[in-house]
Amino acid sequence: MPLNSKIPQGELSQKWTTYKSTCKLVNPANKRQLEVIVIGTGLAGASAAASLGEMGYKVKTFCFQDSPRRAHSIAAQGGINAAKNYQNDGDSTYRLFYDTVKGGDYRSREGNVYRLAEVSANIIDQCVAQGVPFAREYGGLLSNRSFGGVQVQRTFYAAGQTGQQLLIGAYQALERQVALGNVTQYSRHEMLEVVIIDGKARGVIVRNLVTGELERHFGHAVLLCSGGYGNVFYLSTNAMGSNVTAAWKAHKSGAFFGNPCFTQIHPTCIPVSGDHQSKLTLMSESLRNDGRIWVPKKQGDTRKPNEIPVEERDYYLERRYPAFGNLVPRDVASRAAKERCDAGYGVGSSRQAVYLDFASAIERYGKIEAGKHGNHNPDAETVRQLGEEVVKEKYGNLFEMYEKITGEDPYKIPMRIYPAVHYTMGGLWVDYELMTTVPGLYALGEANFSDHGANRLGASALMQGLADGYFVIPYTLGNYLADDIRTKAIPTTHEAFEAAEKKVKERIETMMNIKGSESVESFHKRLGKIMWDKCGMARNAKGLAEAIEEIKALRKEFWANVRIPGEIKEYNPELDKAGRVADFLELGELMCKDALYRSESCGGHFREESQTEEGEALRKDDEFTLVAAWEYKGDSNFELHKEDLNYEVMHLTQRSYK
Amino acid sequence: MEHYSMNLTLKVWKQKNTKTKGHFETFQVKNISSEMSFLEMFDVLNEQLIAEGKEPIAFDHDCREGICGMCSMYINGRAHGPWHHTTTCQLHMREYKDGDTIVVEPWRANAFPVIKDLVVDRQAFDRIIQAGGYISANTGNAVDANSIPIEKHKADEAFAAAACIGCGACVAACPNASAMLFLSAKASHLALLPQGDPERKIRAVNMVEQMDKEGFGSCSNIGLCEASCPKGISLENIARLNREYLGAVFGEGGDNA
């Protein structure tokens with residue numbers, strides 16, 4: 001099947017306008033007859049469901065959490081980008097587009113990214129109208145801050161809780177539609193199959209997680225807004241329940257999976273404290289502005305950090321990258337930390353951590369402050385006190401969070417940090433209209449692959465989720481459903497629903513009947529270790545080939561020896577988790593195959609065989625300026641389809657940081 | 001900080017489902033590291049129970065970084081346990097020492113029926129929001145964001161109220177199981193902003209009516225809600241809502257602040 005991205009013809013800046021002016025519309029009376037299913041209620045799902053409900057469609061939403069407001073979009077800290085140019089610093093739609101394509105290391109579609117930049121300004125307007133309390137200046141206008149990889153201030157924020165405030169805004173809009181009867185919401189429900197009739201997505205099978213009963217729901221179209229799959233690594237900054245199941249079922253029903261190996265690993269997270277670690281917590285990247293990263297020069301040094309003299313410390317980023325020092329890009333910083341720890345220089349009880357030390361910054365700021373007060377010969381204690389105040393003003397809430405988790409005071413003892421899986425740029429392949437390769441089946445937000453290429457810029461995930469839900473799908477869905485107005489709701493007694501439910505039921509029963517001896521958690525951990533070691537920050541052909549075999553073997557073991565306690569027809573979180581881990585065990589293999597196929601390095605995907613002399617990522621533009629879209633062909637079989645990326649406006653260049 | 005390991009006795013509420021009666025069960029956990037979070041200690045216990053062929057304890061949790069509002073344990077008589085401004089998932093085991101006994105219960109309120117063990121149904125909160133916890137602004141044609149200037153202190157105050165994570169600790173801590181802190185935080189967040197002003201009164205009336213329908217108790221100004229709130233939502237919000245509500249019901253007045 002040839003992949004058609006359906007990018008509208010014409011000049012880049014006019015594509016979306018042209019599309020909106022020419023796409024088909026559905027009249028209000030017909031909208032009332034059309035049913036839409038939305039899976040997931042994070043930024044993409046809640047904004048889509050609310051907007052479609054307002055337009056008059058009959059919408060059903062499903063989420064596995066106890067309320068739509070819990071979706072993991074809520075955890076985003078830093079902010080949301082928008083090309084408003086409120087700061088008059090030269091920002092524009094084009095510049096946001098340019099930064100995003102370059103940040104993605106030239107592996108995203110120009111047309112999609114330009115549209116994203118174009119609607120970004122509307123997102124801020126919409127959120128303010130809903131009452132999202134963004135940070136403001138004394139004059140009453142909105143405040144902005146800078147974020148990584150750009151030269152303008154275009155990030156809007158609400159303290160360190162931007163994701164929460166945006167999600168609550170979308171959630172409230174959604175609840176309003178529930179009250180008006182336009183949306184029916186189902187919490188503690190998980191999607192376990194897509195129902196396809198005559199080649200089109202026409203519904204889903206979901207499991208009520210409280211009763212364990214399976215349910216059938218019809219929809220003229222199905223929207224997957226189910227987030228990313230970082231939890232395939234077991235440890236990540238994702239929520240415990242974040243999973244690939246909805247997207248994976250869609251994949252197995254015919255939706256291609258785009259660039260599955262593109263994973264973002266964030267360099268500054270609180271490290272693993274022991275074998276019982278369940279998740280990892282992010283510490284904002286901004287800390288690297290003032291913190292110096294180091295490890296002891298001696299392997300396995302067990303002294304406390306403050307007992308190690310400066311000359312026995314290895315400030316390895318400053319040593320290896322004198323030009324950029326501690327401010328090298330995310331992927332470089334992450335790989336360098338891993339290299340030191342693997343070589344036996346890691347710190348902390350797990351030995352999988354490096355220090356992020358603020359002592360120099362505290363001293364520097366302290367002296368400046370003392371000077372401001374006319375004290376040009378301050379004693380050490382005065383310098384420390386004044387310096388700590390400055391650092392507190394800048395990073396106080398992060399220091400507090402760090403102390404709560406680790407019990408250590410980062411003003412006195414260097415922070416311990418380590419890279420962690422944070423976001424997945426890969427996802428279901430979609431065209432310009434956000435439709436997957438299955439007609440009527442859409443993917444929005446992190447669940448799709450479309451806008452971030454091989455690396456996502458900070459503060460762009462929130463932007464994409466809301467762009468897709470508020471501003472893109474309301475148009476593109478109408479263009480599809482306009483041809484469907486004569487299709488009556490299909491009764492869920494249809495044989496396709498019967499068959500889909502039977503398949504789900506049998507899979508659950510098979511899993512429950514294994515009655516083996518190893519817990520779901522244990523299998524998940526083992527999968528995570530394979531993925532992290534061999535498909536993590538640095539990958540090579542040998543390791544990936546091994547990982548594929550190891551995952552196959554582990555999957556076999558899972559289906560022979562997993563132990564799931566409890567019953568099917570009851571609230572049973574272990575059973576829910578088992579289904580998700582079983583899907584991760586299949587996805588992991590595809591990720592490794594994709595990483596093996598893409599023998600270049602680009603963005604977050606680093607193939608050790610493809611690096612410059614300085615150890616930087618080396619792209620192979622002639623061979624890999626494309627999207628790798630995988631089609632499921634049955635057990636362990638995936639067929640590759642290539643979508644060539646055509647750059648009409650941007651010029652491809654090798655990124656350089658030295 | 002020095003790390004240590006400990007053995008603990010846990011008395012945990014077990015309840016099969018909404019219809020059956022629950023009871024406490026006692027469990028022993030060994031070699032718990034002081035570096036673990038409280039929920040990781042529960043992970044260890046559950047893995048141990050699964051290995052023994054028993055059923056693990058059901059509890060709600062998701063983000064494990066103190067923001068989603070899903071975790072909900074009532075620990076030694078306190079919602080979210082002993083730490084100030086902290087959710088259960090952010091409570092860490094260095095709070096405890098070897099030999100301690102910890103009692104863990106679900107949120108207890110008629111409006112939050114137990115689903116299983118420590119898991120409760122909080123959909124009543126969704127329905128309170130549905131009754132009016134929003135600004136009626138359709139997607140599509142909002143005016144430019146900077147055309148509505150908002151005084152910084154008001155924006156900050158609205159943000160402080162909007163920081164509520166909807167966990168329900170306020171209800172669990174309240175002897176009356178009142179939802180007034182939750183409700184008033186939302187009403188305040190929206191009423192403090194000019195965009196939320198037109199619906200201010202009807203919002204207060206409808207949300208309070210829904211809260212009563214759900215079976216939450218009345219507020220008698222005890223203040224345990226504020227004390228147990230992981231996000232430090234202030235009692236002032238309740239006072240503000242009361243003025244709003246009285247103004248709406250008895251005509252004149254109401255708070256413009």
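What counts, and where the lines are drawn
- Residues numbered from 1 in each chain as written.
- Chains lettered and ligands numbered in written order.
- Predicted model: local features only at pLDDT ≥ 70, side-chain atom pairs only at ≥ 80, totals over all residues.
- Heavy atoms only, no water.
- Helix = DSSP H or I, 4+ residues; strand = E, 2+ residues; numbered from the N terminus.
- Rg over C-alpha atoms; globule rule 2.2 N^0.38 Å.
- Buried < 20%, exposed > 50% of the residue type's maximum accessible area, 1.4 Å probe, protein only.
- Contact = heavy atoms within 4.5 Å.
- Lys, Arg positive; Asp, Glu negative; His and termini not counted.
- Charge placed at Lys NZ, Arg CZ, Asp CG, Glu CD.
- Areas by Shrake-Rupley, 256 points an atom, 1.4 Å probe, with all protein chains shown as cover.
- Axes fitted to C-alpha atoms, helices over the stretch in contact; angles between N-to-C directions.
- Parallel < 35°, antiparallel > 145°, perpendicular 65-115°, else oblique.
- Pairing = 2+ DSSP bridges.
- Buried area = accessible area lost by both parts, 1.4 Å probe.
- Salt bridge = Lys/Arg side-chain N within 4 Å of Asp/Glu carboxyl O.
- Polar contact = N/O pair within 3.5 Å; in protein donor to acceptor, adjacent residues only side chain to side chain.
- Core = buried A, V, L, I, M, F, W, Y, C linked by side-chain atoms within 4.5 Å.
- 1 Å grid on protein atoms, 1.4 Å probe; cavity = no way out; pocket = protein on both sides within 12 Å on 5 of 7 lines; lining within 4 Å.
- Points joined across faces, edges and corners; volume = space filled by probe spheres on them.
- Domains from an automatic or database assignment.
- Nonpolar A, V, L, I, M, F, W, Y, C, P; charged D, E, K, R; others polar.
- Phe/Tyr/Trp six-rings, centres within 6.5 Å; stacked < 30°, edge-to-face > 60°.
- Lys NZ or Arg CZ within 6 Å of the ring centre and 35° of its normal.
- Patch = residues over 30% accessible without salt bridge, like charges linked within 9 Å, V, L, I, M, F, W, Y side chains within 5 Å.

**Observations regarding the overall build of chain A**
Then, in step 1: The helix and strand inventory of chain A stands at 17 helices and 22 strands.
Then, in step 2: Rg of the C-alpha trace for chain A: 25 Å, near the compact-globule value of 26 Å for 658 residues, within the 12% margin.
Then, in step 3: Projected onto its principal axes, the C-alpha positions of chain A cover 85 × 60 × 50 Å.
Then, in step 4: A buried classification covers 65% of the 658 residues belonging to chain A.
Then, in step 5: Put simply, of all contacts in chain A between residues at least 6 apart along the chain, 73% involve residues at least 24 apart.
Then, in step 6: Taking the 81 positively charged and 84 negatively charged side chains of chain A as two groups, their mean positions are separated by 2 Å.

**Looking at the overall build of chain B**
Then, in step 1: Assigned secondary structure in chain B consists of eight helices and seven strands.
Then, in step 2: When the backbone C-alpha atoms are referred to their principal axes, chain B occupies close to 65 × 45 × 35 Å.
Then, in step 3: Classification of the 257 residues of chain B by burial places 59% in the buried group.
Then, in step 4: Counting only contacts in chain B whose residues sit at least 6 apart along the sequence, the fraction spanning at least 24 positions is 69%.
Then, in step 5: Working note: accessible area of chain B is about 10,100 Å², and carbon and sulfur atoms make up 50% of it.

**A look at the side chain of B:Asp100**
Then, in step 1: Within the fold, B:Asp100 resides in the loop between β4 (78-79) and β5 (101-105).
Then, in step 2: When sequence neighbours within four positions are dropped, the list of residues in contact with B:Asp100 reads B:Asn7, B:Leu8 and B:Thr9.

**Focus on the packing of helix α14 (residues 520-534) of chain A against helix α15 (residues 541-561) of chain A**
Residue and element names in this part refer to chain A.
Then, in step 1: Two elements in contact, α14 and α15, have axes whose closest approach is 10 Å; the angle formed by their N-to-C orientations is 175°. One element, α14, and the other, α15, form an angle in the roughly antiparallel class. Packed against α14, whose contacting residues are Phe 523, Arg 526, Leu 527, Ile 530, Met 531 and Lys 534, the element α15 presents Gly 543, Leu 544, Glu 546, Ala 547, Glu 550, Ile 551, Leu 554, Glu 557, Phe 558 and Asn 561 at the interface.

**Some thoughts on the pairing of strand β21 (residues 626-632) of chain A**
All names here are of chain A.
Then, in step 1: For β21, the tally of buried residues reaches six of seven residues, placing the bulk of the element in the interior.
Then, in step 2: Sheet topology places strand β10 (residues 257-258) next to β21; two bridges connect them, and they run antiparallel. In the sheet register, Phe 257 faces β21, and the bridge partner there is Trp 630.
Then, in step 3: As paired elements, β21 and strand β22 (residues 638-644) share seven bridges and run antiparallel to each other.

**Here we look at the interface of chain B and chain A**
Then, in step 1: Each partner contributes residues to the interface: chain B has 76 residues there, and chain A has 77 residues.
Then, in step 2: Roughly 6,300 Å² of surface becomes buried between chain B and chain A when both sides are summed, with 51% attributable to carbon and sulfur atoms.
Then, in step 3: Here A:Glu570 and B:Lys116 are joined by a salt bridge, their closest N and O atoms 3.7 Å apart.
Then, in step 4: Linking chain B with chain A are 47 residue pairs in polar contact (both at pLDDT 80 or more).
Then, in step 5: Only α1 (38-51), β6 (114-116), β7 (119-120), α2 (123-130), α3 (152-162) and α5 (180-191) of chain B provide two or more residues apiece to the side of chain B that touches chain A.

**A word on the side chain of B:Ser178**
All names here are of chain B.
Then, in step 1: Structurally, Ser 178 is set in the loop between α4 (169-173) and α5.
Then, in step 2: A polar contact of 3.4 Å, which involves the side chain of Ser 178, links it to the backbone oxygen of Gly 217.
Then, in step 3: Those residues in contact with Ser 178 that lie beyond four places of it in its chain are Cys 170, Val 171, Phe 216, Gly 217, Ser 218 and Cys 219.

**Regarding the nonpolar core**
Then, in step 1: Formed by 241 residues in total, the largest nonpolar core has its most connected members in A:Ile80, A:Phe134, A:Leu223, A:Tyr442 and B:Phe216.
Then, in step 2: Excluding residues that lie within four positions of it along the chain, A:Tyr442 makes contacts with A:Ala221, A:Val222, A:Leu223, A:Leu224, A:Glu433, A:Leu434, A:Met435, A:Thr436, A:Ile473, A:Thr476, A:Leu477 and A:Tyr480.
Then, in step 3: If you look at the next biggest cluster of nonpolar residues, it comprises 29 residues, including B:Val29, B:Ile32, B:Phe59 and B:Val104.

**Considerations on the layout of surface pockets**
Residues and elements named next belong to chain A.
Then, in step 1: Empty space within the second largest pocket amounts to approximately 570 Å³.
Then, in step 2: Lining the second largest pocket are 22 residues; nearest its centre among them are Tyr 234, Leu 235, Val 272, Lys 529 and Trp 532.
Then, in step 3: Contributions of two or more residues to the lining of the second largest pocket are made by α9 (330-342), β16 (415-424) and α14.
Then, in step 4: In terms of residue count, α14 provides more of the lining of the second largest pocket than any other element does, six residues in total.

**Topic: the domain arrangement of chain B**
Interface extent is often summarised as the accessible area lost during association of the parts.
All names here are of chain B.
Then, in step 1: For chain B, the assigned domains read domain 1 (5-116) and domain 2 (123-139 + 148-249).
Then, in step 2: Inter-centroid distance (C-alpha atoms) of domain 1 to domain 2 is 28 Å.
Then, in step 3: Each partner contributes to the interface: domain 1 provides 18 residues, whereas domain 2 provides 20 residues.
Then, in step 4: At the boundary of domain 1 with domain 2, total buried surface from both sides reaches about 1,300 Å², with 63% on carbon and sulfur atoms.
Then, in step 5: Looking only at domain 1, the three residues that lose the most surface to domain 2 are His 85, Ala 111 and Phe 112, adding up to 34% of its buried area.
Then, in step 6: The tally of links between domain 1 and domain 2 comes to zero salt bridges.
Then, in step 7: Seen at the junction of domain 1 and domain 2, the total is two residue pairs in polar contact (both at pLDDT 80 or more).
Then, in step 8: Residue classes in the side of domain 1 that touches domain 2 are distributed as nine nonpolar, eight polar and one charged.

**Some details on the packing of aromatic side chains**
Aromatic ring pairs are reported here in terms of the distance separating the ring centres and the angle at which the planes meet.
Residue and element names in this part refer to chain A.
Then, in step 1: Taken as a whole and judged by the stated rule, the model has 34 aromatic pairs over all chains.
Then, in step 2: Ring plane angle 80° and centroid distance 5.7 Å describe the contact between Trp 16 and Tyr 475, whose orientation is recorded as edge-to-face. One end of the pair, Trp 16, is in helix α1 (residues 15-22); the other, Tyr 475, is in helix α12 (residues 461-481), with 459 residues separating them in the sequence.
Then, in step 3: Ring-pair connections join several aromatic residues into one group, and the members of that group are Tyr 229, Trp 248, Phe 257, Tyr 632 and Phe 638.
Then, in step 4: Its guanidinium or amino end placed over the ring of Trp 294, Arg 313 lies 4.2 Å from that ring's centre, counting from NZ or CZ.
Then, in step 5: Above the plane of the ring of Tyr 423 lies Arg 456, whose end atom (NZ or CZ) is 4.1 Å from the centre.

**Thoughts on a nonpolar patch on the surface**
Then, in step 1: A grouping of A:Tyr94, A:Tyr98 and A:Val649 is seen on the molecular surface, where their side chains present a nonpolar patch of about 240 Å² in accessible area.
Then, in step 2: Within the secondary structure, A:Val649 is located in the segment after β22.

**Some words on the pattern of salt bridges**
Residue and element names in this part refer to chain A.
Then, in step 1: Considering all chains together, one arrives at 78 salt bridges over all chains under this definition.
Then, in step 2: Linking Asp 314 and Arg 340 is a salt bridge whose minimum nitrogen-to-oxygen distance equals 3.6 Å. Taken together, the residues span a long stretch of sequence, with Asp 314 in strand β14 (residues 313-314) and Arg 340 in helix α9 at a distance of 26 residues.
Then, in step 3: Arg 340 sits in the buried class, given a relative accessible area of 13%.
Then, in step 4: Taken together, the shared-partner salt bridges connect Asp 105, Arg 107, Arg 598, Glu 600, Arg 619 and Asp 621 into one network.

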